[in-house]
Amino acid sequence: MHNKLINIIISNTRNAKLRYKILAGLLFVFIIWVIAIQFETYKYPDKEEIDKRLNYLERVVNEPLDNKSEIMQLKYESYEFMLFSYAYTAYAATNIATRDTLYRQRAIYLIKECIDKALDRNIYSPYKVDEALINSDSIPNFSVLYLGHLNLMMGCYRLLSEDNTFNSLNDKISASLFRRYNETEFLNLESYSSAIWIPDNTVALASLKLHGSNTNSGYESVCYKWVEYAKKNYIDEETGVLYSTVSSMSEKAEEEPRGSMLGWSIMFIYQFDKNFAIELYNNYKEHFSHEYFIFILFKERSSIRGTADIDSGPIILGYSIPANEFALGGAVIAEDYKTARKLERLINFGARKICKNNEIRYKLRLINMNISPMAEALVLYSLTLTEWVVN
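What counts, and where the lines are drawn
Residues numbered from 1 in each chain as written. Predicted model: local features only at pLDDT ≥ 70, side-chain atom pairs only at ≥ 80, totals over all residues. Heavy atoms only, no water. Helix = DSSP H or I, 4+ residues; strand = E, 2+ residues; numbered from the N terminus. Buried < 20%, exposed > 50% of the residue type's maximum accessible area, 1.4 Å probe, protein only. Contact = heavy atoms within 4.5 Å. Areas by Shrake-Rupley, 256 points an atom, 1.4 Å probe, with all protein chains shown as cover. pLDDT = per-residue confidence, 0-100. Core = buried A, V, L, I, M, F, W, Y, C linked by side-chain atoms within 4.5 Å. Salt bridge = Lys/Arg side-chain N within 4 Å of Asp/Glu carboxyl O. 1 Å grid on protein atoms, 1.4 Å probe; cavity = no way out; pocket = protein on both sides within 12 Å on 5 of 7 lines; lining within 4 Å. Points joined across faces, edges and corners; volume = space filled by probe spheres on them. Nonpolar A, V, L, I, M, F, W, Y, C, P; charged D, E, K, R; others polar. Pairing = 2+ DSSP bridges. Lys, Arg positive; Asp, Glu negative; His and termini not counted. Polar contact = N/O pair within 3.5 Å; in protein donor to acceptor, adjacent residues only side chain to side chain. Expected span 1.5 Å × (residues − 1).

### Quick look at the overall build of the protein
Secondary structure summary: the protein contains 15 helices and eight strands in total. The buried share among the 391 residues of the protein stands at 55%. In the protein, of all internal contacts separated by at least 6 residues, the share reaching a separation of at least 24 is 66%. Counting only carbon and sulfur atoms, one obtains 54% of the accessible surface of the protein, whose full area is about 18400 Å².

Laid out in C-alpha cells, this is it:
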C-alpha cells in the first residue's frame, strides 16, 4: 500500500512537470509569435485578393435597384450608405486601374455602372436633387455631398476612359462647384440645409482637382485656396487636425475633430495636397491612437468620449469603427506600413472575412449592424489608395 502511494505521487509529479513544460513551450511559442508579428507590414493586395474583392462588388453593383438589392438594404441604416457603396467602389476601381493597366477595362465598366446607379432616383432623391439635373444648362445649388461624389466618380471615369458619355455633366457640375466655392466667404458648401461637413467638401474639391487635370479647366486652383484657408481657420490647435463641421452662418468651426470625419477627409485631401494629408494623418495618429500589442486603435475623439451617431456608429471605450477603417487609408498614403498592418489585423478581428463563390465580403462579429457592401468598398479603397494625379 505504501509503495503504491509513492508510485502515485511520483506519477503525478511527472505529469505536473510535463504539463508545466508544455505550458512553458506554448508560452514561448506565443511570445515568439507576438514578437514576429510586430515586424509585419502592410503589403498591397495580390491579384487573387483584388479579383475576389472586385467580384463581390461587381455583383452587387450590377443588381437592379429594388428591395432585393444588397445596396438598397443599406437604406435601413442610412441612405447615404447607398451612395457611398457606389462611390467607394468606383474609387477603389480607379486605384487598382491606375496601378495596373490590365484592370483598366474592368474598372471602366464598373465605374460606369456605379455612375448610372448614382443617377437613379433611389440614390439622389434624399438629397433633394430633381430630375432636371442631367438636362439643365447650369446646375442648381444641390448638396455638395451628392454632387461631390457624383462628380468625382465621373472624373475617375474620364481619367480612364475615352468615352464622353458623362463629360457634359461632369463639366457642368465642376463649373457649378467652382463658382459656388469662389462665391462663399469661407470656401465650404452645405451638405444639407444649414449643415456643412468638411469631409464632404474634401470629396468635391478632389473632383475639381481631377477635372482640372482631365480638361485643363484650372478649377483645381480652388483646392489650393481651400488648403490655405483651412490651415488658418479649421485646424484644432491642441491636436493639429481638422475640425468636423463649419457654421453655415459664419466661418467658425463648430464640431470638434472626430476620427470618422478626419480619416475620411485625409483620404481625399491626398488627391489634391499630398503633404497636407500626410501631416494630418501624423497628427491624427499622435493624438487619437493607442497601441495594444498586435493592434492599434484610433479614437472617435481625442479626449471626449461623446455619444454615438450615424457617422461614428457604436462607440466602445471611445473607439469607433469608422475612425479605424479610415485610418487605414491614411496609414497607406503616409507609408506607415506597420500601422496599416495593425489596422488590417484589427479589421479582420472585428469582422469575419467570408470567402465564398470566388468573392470576399465581411460580416461584423460583435455588432448587429449591416454595412455591406459599403464596408467592402471602403476597405478595398483604403488598401489600394493611390495618387490618381501627381500633385
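### Notes on the confidence of the model for the protein
Reading fine detail from the predicted coordinates is not recommended where pLDDT is low. Across the protein, the average pLDDT comes to 87, with 86% of residues at 70 or higher. In the predicted structure, residues 26-36 sits below a pLDDT of 50 and forms one contact with residues beyond four places in sequence or in another chain.

### What about the nonpolar core?
Within the largest apolar cluster, 124 residues are counted, with the highest numbers of intra-cluster contacts made by Tyr 88, Tyr 91, Leu 133, Tyr 146, Leu 150, Tyr 181 and Trp 226. Of the residues forming this core, the biggest block, 13 residues, is contributed by helix H4 (residues 79-99).

### Some details on the pattern of salt bridges
With the rule as written, the count across this model stands at 19 salt bridges. Note that Glu 359 is salt-bridged to Arg 59, the shortest N-O span being 2.8 Å. A residue pair is termed long-range when its members are at least 10 positions apart, and Glu 359 in strand E8 (residues 359-364) and Arg 59 in helix H2 (residues 47-61) qualify at 300 residues. Taking relative accessible area as the criterion, Glu 359 reaches 10% and is therefore assigned buried.

### Considerations on empty space enclosed by the protein
Summed over all chains, the structure comprises one cavity of 30 Å³ or more. Its boundaries defined by the atoms lining it, the largest cavity holds a volume of some 40 Å³. Elements with a minimum of two residues in the lining of the largest cavity: H4 and helix H5 (104-118).

### Comments concerning the layout of surface pockets
Approximately 290 Å³ is the volume found for the second largest pocket. Considering the residues around the second largest pocket, the lining is formed by 17 residues, among which Asn 141, Glu 190, Ser 191, Tyr 192 and Ser 193 are closest to the centre. Here the residues of the lining of the second largest pocket sort into seven nonpolar, seven polar and three charged.

### A short note on the pairing of strand E7 (residues 351-356)
With six bridges joining them, E7 and E8 adopt antiparallel strand pairing. Bridging across to E8, Lys 356 finds its partner in Glu 359. Hairpin connection from E7 to E8: two residues lie between these consecutive antiparallel strands, with Asn 357 at a positive phi of about 55°.

### Focus: the environment of Leu 210
The topology assignment puts Leu 210 in helix H9 (residues 198-215). Sequence spacing of Leu 210 and Leu 152 is 58 residues, and the spatial spacing of their C-alpha atoms is 7.5 Å. Setting aside anything within four residues of it in sequence, one finds Leu 210 in contact with Leu 152, Gly 155, Cys 156, Leu 159, Trp 388 and Val 389.

### Things to note about the environment of Gly 330
Looking at where Gly 330 falls in the secondary structure, it is placed in helix H13 (residues 321-333). Take Gly 330: its relative accessible area is 2%, and that puts it in the buried class. The spacing of Gly 330 and Met 267 is 63 residues in sequence and 6.2 Å in space, taken between C-alpha atoms. In this view, Gly 330 contacts Ile 266, Met 267 and Tyr 281; residues no more than four positions away in its chain are not counted.

### Focus: the side chain of Asp 236
With respect to the secondary-structure elements, Asp 236 resides in the loop between helix H10 (221-233) and strand E2 (245-246). For Asp 236, which is buried and forms no salt bridge, the nearest opposite charge comes from Lys 299, at a distance of 11 Å. There is a polar contact of 2.7 Å between the side chain of Asp 236 and the side chain of Thr 239. Setting aside residues up to four positions removed in sequence, Asp 236 forms contacts with Val 241, Tyr 243 and Pro 257.

### Observations concerning the pairing of strand E3 (residues 289-292)
Pairing geometry for E3 and strand E4 (residues 295-298), over four bridges, is antiparallel. From the neighbouring strand, Glu 291 faces E4, where its bridge partner is Ile 296. Taking the residues between adjacent antiparallel strands as the criterion, E3 and E4 are bridged by two residues, where Phe 293 takes a positive phi near 55°.

### A closer look at H10
For H10, which comprises 13 residues, the first-to-last C-alpha distance of 19 Å matches the rise-based estimate of 18 Å (1.5 Å per residue) to within 8%. The set of residues buried in H10 consists of Val 222, Cys 223, Trp 226, Val 227, Tyr 229 and Ala 230. For H10, the elements touching its buried residues are helix H8 (167-183), H9, helix H11 (259-269) and helix H12 (274-288).

### Examining H2
In a regular helix each residue adds 1.5 Å, so 15 residues correspond to 21 Å; H2 covers 20 Å between its end C-alpha atoms and thus fits that length. Of all 15 residues in H2, eleven are buried, a share of seventy percent or more. Buried residues belonging to H2 abut helix H3 (70-73), H4, H5, E7, E8 and helix H15 (374-383).

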